[in-house]
Amino acid sequence: MNGWLIALLVILGVILVGFIVLAIVGNKMQKKNAAAQADLRANAQTTSMLVIDKKRMKLKDAGFPQIVIDQTPKYARGTKVPVVKAKIGPQIHSLMCDEKIFDLVPVKKEVKAMISGIYIVDVKGLRGALQKEEKPKKKKWFSKKKEK
């Protein structure tokens, strides 16, 4: 056999083993994520709250308790997370929101939310359904010039 054919077979074998390892690790992580979501749903409580502000910010700057920051992995402390400041009863809390429902959370409105600790799992409108907020699209350079 030629040398290049052997090298090609070795490279293909390494790539195949890499894909198999990634599939196994991905499957385990998916199962772990599903178990964590089930725990969140089981411990969730429904509360009424007034949403004051929402934005994506770094975990360190969000105003969470120090124990929350200490428990997160070091690589995740610098990433931006969806944070909602809400008034629950007489107190104002900083809550972390699920990425899927962050766009549904209305600002300056009262909502019913399922909360598990400091994590908002689900949001429902207190008076009617919630609608996704649409951001105005930025005009491109060519379309601005075309209008002029």
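Residues numbered from 1 in each chain as written. Predicted model: local features only at pLDDT ≥ 70, side-chain atom pairs only at ≥ 80, totals over all residues. Heavy atoms only, no water.

**A short note on the overall build of the protein**
Helix and strand counts for the protein come out as three helices and five strands. Starting at the N terminus and ending at the C terminus, the protein contains elements arranged as α-β-α-β-β-β-β-α. Compactness check: the protein gives a C-alpha radius of gyration of 23 Å against a globular reference of 15 Å for 148 residues, more than 25% above the reference. The dimensions of the protein, computed from C-alpha atoms along their principal axes, are 75 × 55 × 30 Å. When burial is assessed residue by residue, the protein has 23% of its 148 residues classed as buried. Counted over contacts in the protein with a minimum sequence separation of 6, partners at least 24 positions apart contribute 58%. Accessible surface computed for the protein: about 11,600 Å², of which carbon and sulfur atoms make up 61%. A distance of 5 Å separates the average location of the 30 positive side-chain charges in the protein from that of its 12 negative side-chain charges. (Helix = DSSP H or I, 4+ residues; strand = E, 2+ residues; numbered from the N terminus. Rg over C-alpha atoms; globule rule 2.2 N^0.38 Å. Buried < 20%, exposed > 50% of the residue type's maximum accessible area, 1.4 Å probe, protein only. Contact = heavy atoms within 4.5 Å. Areas by Shrake-Rupley, 256 points an atom, 1.4 Å probe, with all protein chains shown as cover. Lys, Arg positive; Asp, Glu negative; His and termini not counted. Charge placed at Lys NZ, Arg CZ, Asp CG, Glu CD.)

**Comments concerning the pairing of strand β2 (residues 80–88)**
Direction of pairing for strand β1 (residues 45–58) relative to β2: antiparallel, over a ladder of eight bridges. The residue bridging R56 from the neighbouring strand is P82, located in β2. The hairpin formed by β2 and strand β3 (residues 91–97) contains two residues between the paired strands, and G89 there has a positive phi angle of roughly 70°. (Pairing = 2+ DSSP bridges.)

**Details of the environment of P82**
Relative to the assigned elements, P82 resides in strand β2. The exposure class assigned to P82 is buried, which follows from its relative accessible area of 5%. C-alpha of P82 to C-alpha of K100: the two residues are 18 residues apart in sequence and 10.0 Å apart in space. With residues up to four places along the chain from it excluded, the contact list for P82 reads K55, R56, L95, M96, C97, E99 and F102.

**Topic: the sheet that holds β2**
Paired through backbone hydrogen bonds, the strands of a sheet run either parallel or antiparallel to each other. Around the barrel, five strands lie side by side as β1-β2-β3-β5-β4; this closed barrel has mixed pairing. This sheet shows a mean twist of 55° between the axes of neighbouring strands, independent of strand direction. In terms of strand pairing, strand β4 (residues 110–116) meets strand β5 (residues 119–125) through six bridges, oriented antiparallel. Bridge pairing links A113 to V123 in β5. Contacting β4 and β5, helix α1 (residues 3–42) runs over the sheet at an angle of about 60° to β5. (Axes fitted to C-alpha atoms, helices over the stretch in contact; angles between N-to-C directions.)

**Some words on the side chain of T72**
Mapped onto the fold, T72 is located in the loop between α2 (66–71) and β2. For T72, a relative accessible area of 18% translates into the label buried. Setting aside residues no more than four positions away along its own chain, T72 makes contact with L59 and R77.

**Points about the nonpolar core**
Soluble, globular proteins show a tendency: their nonpolar side chains are buried together. Judged by nonpolar contacts, the single largest core of 14 residues is most densely connected at M49, V84, C97, I120 and V123. Looking at this core, the elements with two or more residues in it are β1, β2, β3, β4 and β5. With three residues, β4 is the largest single contributor of residues to this core. Judged by nonpolar contacts, the second largest core, of 10 residues, contains M57, V68, V81 and M96. (Core = buried A, V, L, I, M, F, W, Y, C linked by side-chain atoms within 4.5 Å.)

**Describing the pairing of β3**
Across six bridges, the pairing between β2 and β3 is antiparallel. Each residue of the ladder has a partner; that of I88, found in β3, is Q91. As judged from the two bridges shared by β3 and β5, these two strands associate in the parallel manner. Across the sheet, the residue bridging to C97 is I120, located in β5.

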